[in-house]
Amino acid sequence: MDCLATSELLGTVDKTASDYLADFEAIARLQRPRIFRFLLASLRELDAAETLTQDCLFRAFRNREQFRGECSVDTWLMQIAVNLLRDHVKNRRLQFWRTTQRSAAPIADLHDVLVSAQQNCENVAVVQEQVRAVWEVAEKLPLKQRTVFLLKFVEDMDVPEICAATGMKPGTVKTHLFRALKTVRERLGERA
Amino acid sequence: MTRHLSPEEISSWLAGDQDRALQSHLGQCPKCCDELRQSEEVLSRFGESVRVWSQGHLPVSPSRSFIRGQIATPFWLKAHAGVTIVTLLALLMSSRHWLSTQTVTKTHSAVETSPAVTDSALLAQLNRQLSTAVPESMEPLTELIVSDRQSRMEERNSGVRGIGQ
């Protein structure tokens, strides 16, 4: 429903500039947490995630006339976020000599998150351990695999949506997903 | 199907490759079904934990209208405008200062030159007075002398003319 709502908001043409701006603000308010979540989970850096989220919305607003409605606004925004993420990681690799301290998002509070999320589970400790293992593995996955993995299992996007967001073909998306899952399950098997 | 699903087949299923053979096996094999369900649950918990975790780190809405903040007046534009205003003010103030100093020096010079001018005028007057051969009190006499000389000259001229005729 959100997709439809945002698509309708952007799709309308006969609007005044202020209305349009107000609508885009509504879209930004709606989509900002989602984009931030994806970027934070990908980078594990608060500052970078915040900056890229802002950049993403800014870029979307600037290029809003290029949006043709071929995919939903949500997917379009995610596509921009994925591109920004790729550029950011590429630049960070080039600047490997920089020793600036990054504002890494603390995962120390992850325990509380997991406990609160799994109160109804019988073997809480086992699942906690498994989820922690997935966190660790996801961080070390190659960028493309990690992106596809997060889009699938955090953002609940299906393969066509992931294709639209990443610009990959369905076969490539499935291959990256398969490899990511294989790594994750292997790690889970080792821990078990 | 007698054998259980391999880890690759389960990963493939989770990745979206859900063909009929796998589906039919999962319908018959509780062990594979259980393994798949466990994996799905872990992945689902992982997604949930990421959502909860990021919610905790989501910065308080940076600005109610990020568009106005980002587009109407981006930072570089603000900085540029600020620098321009400061530069213009500095230029204005310096030009005013320069103008005021110029007028001050002009008035100073005017004030300073006026006695000099009067002094020089007085000096010139004195020089003129001193350079005159006859004192002022005796000027009527010089006029008489001059008129006498003129009459003599006229007489002499008339005499010369008479001899000539």
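Residues numbered from 1 in each chain as written. Chains lettered and ligands numbered in written order. Predicted model: local features only at pLDDT ≥ 70, side-chain atom pairs only at ≥ 80, totals over all residues. Heavy atoms only, no water.

Student: How should I be thinking about the overall build of chain B in this particular structure?
Tutor: What chain B contains, in helices and strands, is 6 helices and 0 strands. The linear arrangement of helices and strands in chain B, starting from the amino end, is α-α-α-α-α-α. Per-residue burial over chain B gives 18% buried out of 165 residues. Taking the intrachain contacts of chain B between residues at least 6 apart in sequence as the baseline, contacts between residues at least 24 apart amount to 35%. Accessible surface, chain B: about 12500 Å² in total, of which carbon and sulfur atoms supply 62%. (Helix = DSSP H or I, 4+ residues; strand = E, 2+ residues; numbered from the N terminus. Buried < 20%, exposed > 50% of the residue type's maximum accessible area, 1.4 Å probe, protein only. Contact = heavy atoms within 4.5 Å. Areas by Shrake-Rupley, 256 points an atom, 1.4 Å probe, with all protein chains shown as cover.)

Student: What am I meant to see in the overall build of chain A here?
Tutor: If you tally the helices and strands in chain A, you get 9 helices and 0 strands. Along chain A, from the amino end to the carboxyl end, the secondary structure elements read α-α-α-α-α-α-α-α-α. Of all 192 residues assigned to chain A, the portion counted as buried reaches 46%. Restricting to contacts in chain A with at least 6 residues of sequence separation, those with at least 24 account for 64%. With the model as given, the accessible surface of chain A reaches about 10100 Å², and the carbon-plus-sulfur share is 50%.

Student: I would appreciate a short explanation of the pattern of salt bridges in the present structure.
Tutor: Close approach of charged atoms allows side chains of opposite charge to pair. Residue and element names in this part refer to chain A. Enumeration according to the criterion identifies 12 salt bridges over all chains in this entry. For the salt bridge of Arg34 with Glu155, the shortest nitrogen-to-oxygen distance reads 3.6 Å. Placement of the pair is Arg34 in helix H2 (residues 17–43) and Glu155 in the loop between helix H7 (143–153) and helix H8 (159–166), with a sequence separation of 121 residues. A residue is classified by how much of its surface remains accessible, and Glu155, at 9% relative accessible area, is buried. A salt bridge links Glu139 to Arg44, with the nearest nitrogen and oxygen atoms 3.4 Å apart. With Glu139 in helix H6 (residues 124–140) and Arg44 in the loop between H2 and helix H3 (46–62), the pair connects residues that are 95 residues apart, well separated along the chain. With relative accessibility at 40%, the residue Glu139 sits in the partly exposed group. (Salt bridge = Lys/Arg side-chain N within 4 Å of Asp/Glu carboxyl O.)

Student: Explain unusual backbone geometry to me, please; I cannot follow it from the model alone.
Tutor: A negative phi angle is the norm for most residues apart from glycine, just as the trans form is the norm for most peptide bonds. The backbone of Arg44 of chain A sits at a positive phi, close to 60 degrees, despite the residue not being glycine. Of note, the phi angle at Asp156 of chain A is positive, near 55 degrees, even though the residue is not glycine.

Student: Mind showing me how you'd approach the nonpolar core here?
Tutor: Side chains of nonpolar character tend, in soluble globular proteins, to be buried together. Grouped together as the largest cluster of nonpolar side chains are 71 residues, with contacts concentrated most on Phe38, Leu39, Leu77, Phe149 and Leu151 of chain A together with Phe46 of chain B. Apart from the residues within four sequence positions on either side, Leu151 of chain A is in contact with Phe38, Met78, Val82, Asp156, Met157, Ile162, Ala165 and Thr166 of chain A. (Core = buried A, V, L, I, M, F, W, Y, C linked by side-chain atoms within 4.5 Å.)

Student: What is the right way to look at the packing of H6 of chain A against helix H3 (residues 30–57) of chain B in this model?
Tutor: Contact pair H6 of chain A / H3 of chain B: the axes reach a minimum separation of 9 Å and the direction vectors enclose 70 degrees. The orientation of H6 of chain A with respect to H3 of chain B, classified from their angle, is roughly perpendicular. Residue-level contacts link Val127, Gln130, Val131, Val134, Trp135 and Ala138 of chain A of H6 of chain A to Val42, Arg45, Phe46, Ser49, Val50 and Trp53 of chain B of H3 of chain B. Broken down by class, the residue content of the contact of H6 of chain A with H3 of chain B amounts to 9 nonpolar, 2 polar and 1 charged. (Axes fitted to C-alpha atoms, helices over the stretch in contact; angles between N-to-C directions. Parallel < 35°, antiparallel > 145°, perpendicular 65-115°, else oblique. Nonpolar A, V, L, I, M, F, W, Y, C, P; charged D, E, K, R; others polar.)

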